[in-house]
Amino acid sequence: MVTSRDSDRPVEAPLHRSRTSADREHAALLLDVSRRYYVEDQSQAEIAAEVQFSRATVSRLLSEARRRGIVQIRISHPLERVLGIERALVRAFGLKHARVADPEDVLSAQSEVARCAADLIIECSAENVVLSVSNGMAVTATVDAMPQLAWPRSRVVQMIGSVGYSEKLLDSPETCRRMARKLGGSFHPLPAPLVIANPDATQALRTDNQIATTLELGARADVALVGVGAVTDGHSGLILQPYEDPELIRAVYEAGGVAHICGHHITATGQHVRTEICDRTVAVGLERLRKIPLVVGVAWGQGKVAALVAALRGGYLSALVTDRATAVALLESVDA
């Protein structure tokens, strides 16, 4: 009870509070209880004791705060966006596995993609794995990213002949030898050039016991690690450059060759481009490549998109490791 300034008559306090005032107080209570529980990590029992409500009431207040959107729980991880892209790649291309690296910049793409590829190979391999390996920058980077293992029963098989003219560390013999060291197993070399001077000599070499045995072992591998080369206007890049002449370049271009894998040219739909070097090439054939249980293709960059689409459409890859930008471009090519 209070008194008026103008008289001694008592003035009663308001008997009613506005609905707005009650709503604001209840909202403040919801905020207070929510902060205590979700931010300050208090238990419901501790909150009940401090705000002088029962524990059941505190539980109802927390549920109401969630229902009204006062509390919004967000579950996320930096890998979340690439995990969705990986699932989309598996669906779009019928893959067994996909790994997508999310590098901070272009300079770190190689190391990040290679690390993902190395992890996938380890995850999908037994200690007695037979692993076929081709050549190229992506394959070499993957070998570099492999940890040192102790798999003495593992076997690494050289699945394509030696280029000889390229950087030694990128060539198949050295790449395979280093992979065998990383696994701690044995190495089965293919002592022959990738492309030989004439078909008759090639056929004779293919019947050599060591070469025939290595090619057969490579074709029967458990896992294969391959790169995918891009073809531009008939030109096939570093690996096949020593064997290119105007006639071969024209033949590949006119046939619509957009990629090469294990020394074999393919079209945009994945069809094998038959050229005069096919009968002079020493490598696991494309049809045998398709039958290897897990073929891990490693490549990245805008310049490899068309080549990767071709290899995927041809069914030569059953697993893909790339970076996020390339993966998005691959999915966009499917939509297009």
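All values reported here derive from a predicted model rather than from experimental measurement.

Helix and strand content of the protein: 13 helices and 12 strands. Across its three principal axes, the protein shows a C-alpha extent of roughly 125 × 45 × 30 Å. For the protein, with 336 residues in total, the buried portion stands at 46%. In the form shown here, the protein has an accessible surface area of approximately 18,000 Å², with 51% of it arising from carbon and sulfur atoms. Distance between charge centres in the protein, computed from 37 positive and 39 negative side chains, equals 5 Å.

Further remarks concern helix H9 (residues 209–219). Buried residues of H9: Ile 211, Thr 214, Leu 215, Leu 217, Gly 218 and Ala 219, and no others. The elements touched by buried residues of H9 are strand E4 (130–133), strand E5 (155–158), strand E6 (186–188), helix H8 (199–206) and helix H11 (286–291). N-cap assignment for H9: the residue whose side-chain oxygen lies 3.1 Å from the backbone N of Gln 210 is Asp 208.

Moving on, we come to the environment of Lys 304. Here Lys 304 is to be found in the loop between strand E11 (294–298) and helix H12 (305–313). Along the backbone, Lys 304 and Leu 320 are 16 residues apart, and their C-alpha atoms lie at a distance of 13 Å.

Together, Tyr 38, Val 39 and Ile 73 line one region of the surface with nonpolar side chains, adding up to about 310 Å² of accessible area. Within the secondary structure, Val 39 sits in helix H1 (residues 19–39).

Across the two faces of E4 the burial is the same, with Val 130 and Ser 132 and Leu 131 and Val 133 all buried. Taken together, the four bridges between E4 and E5 define a ladder with parallel strand orientation. In the sheet register, Val 133 faces E5, and the bridge partner there is Gln 158. Here E4 pairs with strand E7 (residues 223–227) via three bridges, running parallel. Looking at E7, one finds that Val 133 is bridged to Leu 225.

Counting across every chain of the model gives 14 salt bridges. In this structure, Glu 174 and Arg 177 form a salt bridge, with 3.2 Å as the shortest nitrogen-oxygen distance. With Glu 174 and Arg 177 both in helix H7 (residues 172–183) and three residues apart, the pair spans about one turn of that helix. Taking the relative accessible area as the measure of exposure, Arg 177 reaches 32% and is therefore partly exposed. Several salt bridges converge on common partners, so that one network encompasses Asp 32, Arg 36 and Glu 50.

A few words now on the packing of aromatic side chains. Following the criterion strictly, the structure yields one aromatic pair and no others. Taking 4.9 Å as the distance between ring centres and 90 degrees as the angle between the ring planes, the aromatic pair formed by Tyr 37 and Tyr 38 counts as edge-to-face. Using a relative accessible area of 36% as the deciding quantity, one classes Tyr 38 as partly exposed.

Here we come to the confidence of the model for the protein. Counting all residues, the mean pLDDT for the protein is 89, and 90% of those residues have values of 70 or more. Note on residues 1–7: pLDDT under 50 across the span, and 12 contacts to partners over four residues away in sequence or across chains.

On the secondary structure map, Gly 84 appears in helix H4 (residues 80–93). Given a relative accessible area of 28%, Gly 84 falls into the partly exposed group. Counting along the chain gives 55 residues from Gly 84 to Val 139, while the straight-line C-alpha distance between them is 25 Å.

As a further point, take the sheet that holds strand E9 (residues 257–261). An order of E8-E9-E10 is seen for the three strands of this open sheet, with the pairing classed as antiparallel. Lying at the two open borders of the sheet, with one neighbouring strand each, are strand E8 (229–230) and strand E10 (264–267). Both E8 and E9 contribute to a ladder of two bridges, which runs antiparallel. Each bridged residue has a counterpart across the sheet, and for Gly 229 the counterpart in E9 is His 260. Most of the contacts of H12 go to E9, to which it runs at about 70 degrees, and overall it touches E8, E9 and E10.

Here we come to the state of the cysteines. Within this structure, the stated rule accounts for zero disulfides. Unpaired in terms of disulfides, Cys 176 finds its nearest cysteine sulfur in Cys 262, a separation of 11 Å.

Each value, and the rule that gives it
- Residues numbered from 1 in each chain as written.
- Predicted model: local features only at pLDDT ≥ 70, side-chain atom pairs only at ≥ 80, totals over all residues.
- Heavy atoms only, no water.
- Helix = DSSP H or I, 4+ residues; strand = E, 2+ residues; numbered from the N terminus.
- Buried < 20%, exposed > 50% of the residue type's maximum accessible area, 1.4 Å probe, protein only.
- Areas by Shrake-Rupley, 256 points an atom, 1.4 Å probe, with all protein chains shown as cover.
- Lys, Arg positive; Asp, Glu negative; His and termini not counted.
- Charge placed at Lys NZ, Arg CZ, Asp CG, Glu CD.
- Contact = heavy atoms within 4.5 Å.
- Polar contact = N/O pair within 3.5 Å; in protein donor to acceptor, adjacent residues only side chain to side chain.
- Patch = residues over 30% accessible without salt bridge, like charges linked within 9 Å, V, L, I, M, F, W, Y side chains within 5 Å.
- Salt bridge = Lys/Arg side-chain N within 4 Å of Asp/Glu carboxyl O.
- Pairing = 2+ DSSP bridges.
- Phe/Tyr/Trp six-rings, centres within 6.5 Å; stacked < 30°, edge-to-face > 60°.
- pLDDT = per-residue confidence, 0-100.
- Axes fitted to C-alpha atoms, helices over the stretch in contact; angles between N-to-C directions.
- Disulfide = S-S within 2.5 Å.

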